[in-house]
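# Chain and residue survey
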Amino acid sequence: MGSGKSTVGALLAERLGVAYRDTDADIVTAEGREIADIFVDEGEPYFRERERAAVRAAVAAHPGVLALGGGAILDEGTRALLRDLPVVYLSMDVEEAVRRVGLNTARPLLAVNPRKQWRELMEARRHLYEEVARAVVATDDRTPEEVAEAILDALELAAIPGGRPLGARPEDPMSSQVTRIHVGGTAGTEPYEVLVGRQLLGELGGLIGDAAKRVAVIHPEALAETGEALRQDLADQGYEAVAVQVPNAEEAKTAEVAAYCWKALGQSGFTRTDVIVGVGGGATTDLAGFVAASWLRGVRWVAVPTTVLGMVDAAVGGKTGINTAEGKNLVGAFHPPAGVLCDLAALDSLPVHDYVSGLAEIIKAGFIADPAILDLIEADPEAARTPAGAHTAELVERSIKVKAEVVSGDLKESGLREILNYGHTLAHAIEKNERYKWRHGAAVAVGMHFAAELGRLAGRLDDATADRHRTVLESVGLPLSYRYDQWPKLLETMKVDKKSRGDLLRFIVLDGLAKPTVLEGPDPAVLLAAYGEVAD
């Protein structure tokens, strides 16, 4: 209720060139009175029977876009009717729902205490929505046009080689293919797997294991619904599961938030055999991993990244941490997860700017190790900008494999692993300067452009590869420049970067495509000249 089905449905029908129909409107027309009046005059059972009939008639006769009332899926027969159809579940947070609906007398089930009643309705219905839905599209902070576009992106999977056809259900072999990427252990750490595919949450129990009695699901505020659903699923499996909600994005990576998580673990009686699950973007998995590393000097944790950035970078490799006023990730620990679940379905509802931001880390992997990534993006940059693109799974998998190979040989960044910081020295300085309001990927894109120009001016990188940075990044809509007058501040911040040694600045540059190396103590004039190439 209040998710915008009617508005979005009409927009979607217009985009597809088909008719729009709403079963609630059908009932109102047939009864000659509003739904609220039907509830008052006849009661809910009477309305549900009318609703069942309306859905059966509409599904049988209507070939376009159909919107169902929020309670339609309570009927088992209706759920069976929808099983082979492309159903989209429009989700939203409870606060957003109450803001939209309020004390709306036209919604009889929310007439007294909207917040409490909406939450109770969702607890009863969410699993049924997810049971019948082919795609879940979040509507929070999105315009109806953006929601319609997200639905189109999600359902375009039908046309993608290797994607899920519209008639396929999650249990079908094509939709349950899983790629398992091995990350080798080093001294004192165990090897683990990164799973990439769709419908992967069934794998979570196996990663948690039988030794755990308690599980804490750390999730951002924006994924409150997902975190609670995951907690409930784990509780149903027999674990004592708690959900720990933290702020969104980089605001979660503070000592205060970490202390809040520690308090939640203490109050839950967390022991060394219990497990933390971090579900969310890179910031959330960074925090969850750090909390796991520091609680009782280290407990097991599982990463469930929900963004491109989280999948290809933050959740793989065991680097965990929080930010301080002095810089990003200056407090942390190397603490690899017990496993990583990269469910590509989570990307279907990701806002386009967040999705494109994550492409920066994929492009980075292409420049430092796997040029095939660059070829795939250059072949169709527009497709690379959406999870419905033909090569999404391959781009994600190739990027993870690059990082897995590097961290398997160098967990603690004593040598080879430094190459993963290509573009990050300037990027972290920009993020701090912007008080972490910039998306990480956007900062990395500028940082890579700078590193390419620095490599060129230092006589290390050829012109063609340096220029290729600009064209590839620009083709997918990533930024290339930052403010010229901020150089003095950025330079001071870079001096406390993790890669610096004393007063010696160190940068990862390229000697050629897929040939990363370290540039130590570059001439300040060269640094300024390189920044001049990327500044505006």
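Scroll up for the structure.
Right, let's walk through the structure included here.

What counts and how
Residues numbered from 1 in each chain as written. Predicted model: local features only at pLDDT ≥ 70, side-chain atom pairs only at ≥ 80, totals over all residues. Heavy atoms only, no water. Pairing = 2+ DSSP bridges. Helix = DSSP H or I, 4+ residues; strand = E, 2+ residues; numbered from the N terminus. Axes fitted to C-alpha atoms, helices over the stretch in contact; angles between N-to-C directions. Contact = heavy atoms within 4.5 Å. Core = buried A, V, L, I, M, F, W, Y, C linked by side-chain atoms within 4.5 Å. Buried < 20%, exposed > 50% of the residue type's maximum accessible area, 1.4 Å probe, protein only. Phe/Tyr/Trp six-rings, centres within 6.5 Å; stacked < 30°, edge-to-face > 60°.

### Considering the sheet that holds strand β5 (residues 178-183)
The seven strands are arranged β5-β6-β13-β10-β9-β7-β8 in an open sheet whose pairing can be described as mixed. At either margin of the open sheet sits one strand with a lone partner, and together these are β5 and β8 (240-246). Across the sheet, the mean angle separating the axes of adjacent strands is 15° when strand polarity is ignored. Direction of pairing for strand β6 (residues 192-197) relative to strand β13 (residues 339-343): parallel, over a ladder of four bridges. Across the sheet, Gly-197 pairs through a bridge with Asp-343, a residue of β13. The strands that helix α11 (residues 255-267) touches are β7 (214-220), β8 and β9 (275-280); relative to β8, the one it contacts most, it runs at about 160°. Across the sheet, helix α12 (residues 282-294) lies against β7, β8, β9 and β10 (300-305), angled at about 165° from β9, the strand it touches most.

### A word on the nonpolar core
With 96 residues, the main nonpolar core has Val-194, Ile-276, Leu-287, Ile-363 and Phe-450 as its most contacted residues. Ignoring any residue separated from it by four or fewer positions in sequence, one finds Phe-450 in contact with Leu-426, Trp-487, Phe-507, Leu-527, Ala-530, Tyr-531 and Val-534. Ranked by size, the runner-up nonpolar core spans 18 residues in total, among them Leu-207, Val-217, Leu-230 and Val-302.

### A short note on the packing of aromatic side chains
Applying the stated criterion across every chain, the model contains eight aromatic pairs. With a centroid separation of 5.0 Å and an interplanar angle of 35°, the aromatic rings of Tyr-89 and Tyr-129 are classed as tilted. Pair noted here: Tyr-89 is in strand β3 (residues 88-91) and Tyr-129 is in helix α7 (residues 114-132), with a separation of 40 residues, a long-range link. No difference in accessibility class separates Tyr-89 from Tyr-129, as the two residues are buried. Between Phe-450 and Tyr-531, the aromatic rings sit 6.5 Å apart at their centres with planes inclined by 65°, giving edge-to-face as the arrangement.

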